[in-house]
Amino acid sequence: MRGPDTFTESLFSVRKLEDFIPANHPLRAIRQMANTALEKMNGLFAEMYEADTKGGRPSIAPEKLLRAMLLQVLYSVRSERQLMEQVQYNLLFRWFIGLSMDDAVWVPMVFTKNRERLVKHDAIIEFFNEVLDIAEKKDWLSGEHFSVDGTLIQAWAGHKSFVRKDDDQNNGDGGDFKGSKRSNDTQQSKTDPDSRLYRKGNNTGSELRYIGHTLSDNRHGLIASAMVTKADGYAEREAAKAMINDACQALDDPQREITLGADKGYDAAEFVQACQAMSVTPHVAQNKSGRSSAVPESIAQSVGYAISQQKRKLIEQGFGWAKSVGGIRQVMVRGLKKVDQMFVLTMAAYNLVRMRTLGAIRPQPAQ
């Protein structure tokens, strides 16, 4: 018998928002880990806001704000406006953020202003560190064997904004640049001054870009450190030295051997010597194209070197996920600090996704 095409809405509902979310939904494990990290940040959140005794209108709860930003990365939502639109009708999004079915959704401009507060106080970096701490407690990090690499990030600025620095009237040659010589020394983007005109190799054109850097742990490919720098030919090696130095200080055990895998772009005498000065064994791919490699043969012939060269390819998975899912191929924020924070948040989301998978295939034993 054919069913009638009718719609009858109940006056009341006794179901909770939790009941609409499948028990095996992947966001459940991610939300649990994210909440664990957010609970440890309560002290930082308290410092970010004025005391209740001073009065004022309550802002968006920082925990809800960060969970909403995670959703934007996990579901490739392009803008805050689209995110707020989906939160309006998507029960899964409301549940993950912590909104009830009757709660009003924030105005996009208010959401953006509150997000800037998190950027100002480096709350996103603290969240990344707390997520990493969860992975360490579950023994998903080696803490000894790392890989490093960098990727290009296209800035939210066009060629027409790249005008001469001495052009106070903003009537430079940005609109008609063909056939003219352009340089970062004489020209600058008016919309994003921190971006740099940069190309990598002969397969890419010159674009206004940043460079994102990550340090991954070789055990499961989790991102141990992430940062963004201005684009230049030395940024990758300088960022690698800074990140591996932080990893050495975090280990705080000079007796343990630390290895660092990298591609041929890091095969420079200055970088190899800097690693050895930090007691880090440079497992850098040898570049022997018309030159001699700076990596000693004693290191290149070792068993650990071969393992590092195999494991370092895991770092590309993080870059691939960040660009295809996380939307970091071209950032929609401007300025080095904001781009850096969005990149770090994307890598924190990648870690959460990978940790959820690790938790499913490598469940922790009962205590």
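None of these values were measured; they are calculated from a predicted model.

> Any chance you could break down the packing of helix 6 (residues 108-120) against helix 13 (residues 336-361) for me, citing the residues and the numbers?
Orientation of helix 6 relative to helix 13, taken along the N-to-C sense of each, is 90 degrees, at an axis distance of 10 Å. The angle between the axes of helix 6 and helix 13 places the two elements in the roughly perpendicular class. Counting all contacts with helix 6, which are made through R115, E116, L118, V119 and K120, the residues of helix 13 involved are K337, K338, Q341 and M342. Grouping the amino acids of the contact of helix 6 with helix 13 by side-chain chemistry returns 3 nonpolar, 1 polar and 5 charged.

> Could you give an account of the nonpolar core, naming the residues involved and the relevant values?
Judged by nonpolar contacts, the single largest core of 99 residues is most densely connected at L66, F111, F127 and L260. Top contributing element to this core by residue count: helix 13, with 12 residues. Aside from chain neighbours lying at most four places away, what touches L260 is F146, S147, V148, L215, I244, F271, C275, V280, T281, P282, H283 and V284. Counting 5 residues, the second-largest nonpolar core is a separate cluster that includes L152, Y198, A231 and A235.

> Go over the pairing of strand 1 (residues 145-154) with me, naming the residues and quoting the values.
Taking burial as the measure, the 10 residues of strand 1 include 8 buried ones, the bulk of the element. Strand direction decides the pairing type here: strand 1 and strand 7 (residues 258-262), joined by 3 bridges, are parallel. Each bridged residue has a counterpart across the sheet, and for S147 the counterpart in strand 7 is G261.

> Explain the side chain of D192 to me, and be specific about the residues and the numbers.
When you line up the elements, D192 lands in the loop between strand 3 (187-189) and strand 4 (196-198). Although D192 is buried, it forms no salt bridge, and the closest oppositely charged side chain is R334 at an N-O distance of 5.6 Å. Look past the residues within four positions of D192 in its chain and what remains in contact with it is A155, A157, Y210, R334 and G335.

> I'd like a rundown of a nonpolar patch on the surface, residues and numbers included.
Together, V107, M109 and V110 make up an exposed nonpolar region whose accessible area comes to about 300 Å². Examined against the element boundaries, V107 turns out to sit in the loop between helix 5 (91-97) and helix 6.

> Got a sec to walk through the packing of aromatic side chains? Specific residues and values, please.
One pass over the full model with this rule turns up 5 aromatic pairs. Above the ring of W95, the side-chain terminus of R31 is found at 5.2 Å from the ring centroid.

> Could you give an account of the pairing of strand 6 (residues 223-230), naming the residues involved and the relevant values?
Most of strand 6 sits inside the fold, with 6 of its 8 residues counted as buried. Relative to strand 6, strand 5 (residues 207-217) runs antiparallel, the two being bridged by 7 bridges. When the sheet's bridge partners are listed, I211 is paired in strand 6 with T229. Between strand 5 and strand 6, which pair antiparallel in sequence order, lie 5 residues; one of them, G221, sits at a positive phi of approximately 80 degrees.

> So what's going on with the state of the cysteines? Residues and values would help.
One pass over the full model with this rule turns up 0 disulfides. Looking at C248, it has no disulfide partner, and the nearest cysteine sulfur is the one in C275, 8.7 Å off. Overall, C275 belongs to the buried group, its relative accessible area being 0%.

> Please provide a residue-by-residue account of the pattern of salt bridges, values included.
Taken as a whole and judged by the stated rule, the model has 14 salt bridges. Between E80 and R115 there is a salt bridge; the shortest N-O distance is 2.1 Å. Of this pair, E80 sits in helix 4 (residues 80-89) while R115 sits in helix 6, and the two are 35 residues apart along the sequence. E80 sits in the buried class, given a relative accessible area of 14%. A relative accessible area of 11% means that R115 is categorised as buried. Put simply, K113 and E116 hold a salt bridge, and the shortest N to O gap is 3.9 Å. Residue K113 and its partner E116 are located together in helix 6, separated by 3 residues, close to a single helical turn. Look at E116 and you get partly exposed, because its relative accessible area is 31%. The structure contains a network of salt bridges with shared partners spanning K40, D133 and K137.

> Any chance you could break down helix 9 (residues 269-277) for me, citing the residues and the numbers?
Turning to helix 9, its buried residues number three or more, namely F271, V272, A274 and C275. Projection of helix 9 onto a plane perpendicular to its axis shows the buried side chains occupying an angular sector of 160 degrees, all on one side. Along helix 9, exposed side chains directed more than 90 degrees from the buried face belong to Q273 and A277. At its buried positions, helix 9 is contacted by helix 8 (235-251), strand 7 and strand 8 (280-284). Two residues or fewer after helix 9 comes S279, characterised by a positive phi angle close to 60 degrees.

> Lay out unusual backbone geometry with the relevant residues and their values.
Despite not being glycine, D122 has its phi angle at roughly 55 degrees, a positive value. Residue position: D122 is located in the loop between helix 6 and helix 7 (123-137). Looking at D122, the relative accessible area reads 32%, which means it is partly exposed.

Cut-offs and rules
Residues numbered from 1 in each chain as written. Predicted model: local features only at pLDDT ≥ 70, side-chain atom pairs only at ≥ 80, totals over all residues. Heavy atoms only, no water. Axes fitted to C-alpha atoms, helices over the stretch in contact; angles between N-to-C directions. Helix = DSSP H or I, 4+ residues; strand = E, 2+ residues; numbered from the N terminus. Parallel < 35°, antiparallel > 145°, perpendicular 65-115°, else oblique. Contact = heavy atoms within 4.5 Å. Nonpolar A, V, L, I, M, F, W, Y, C, P; charged D, E, K, R; others polar. Core = buried A, V, L, I, M, F, W, Y, C linked by side-chain atoms within 4.5 Å. Buried < 20%, exposed > 50% of the residue type's maximum accessible area, 1.4 Å probe, protein only. Pairing = 2+ DSSP bridges. Lys, Arg positive; Asp, Glu negative; His and termini not counted. Salt bridge = Lys/Arg side-chain N within 4 Å of Asp/Glu carboxyl O. Patch = residues over 30% accessible without salt bridge, like charges linked within 9 Å, V, L, I, M, F, W, Y side chains within 5 Å. Areas by Shrake-Rupley, 256 points an atom, 1.4 Å probe, with all protein chains shown as cover. Phe/Tyr/Trp six-rings, centres within 6.5 Å; stacked < 30°, edge-to-face > 60°. Lys NZ or Arg CZ within 6 Å of the ring centre and 35° of its normal. Disulfide = S-S within 2.5 Å. Arc of directions from axis to C-beta.

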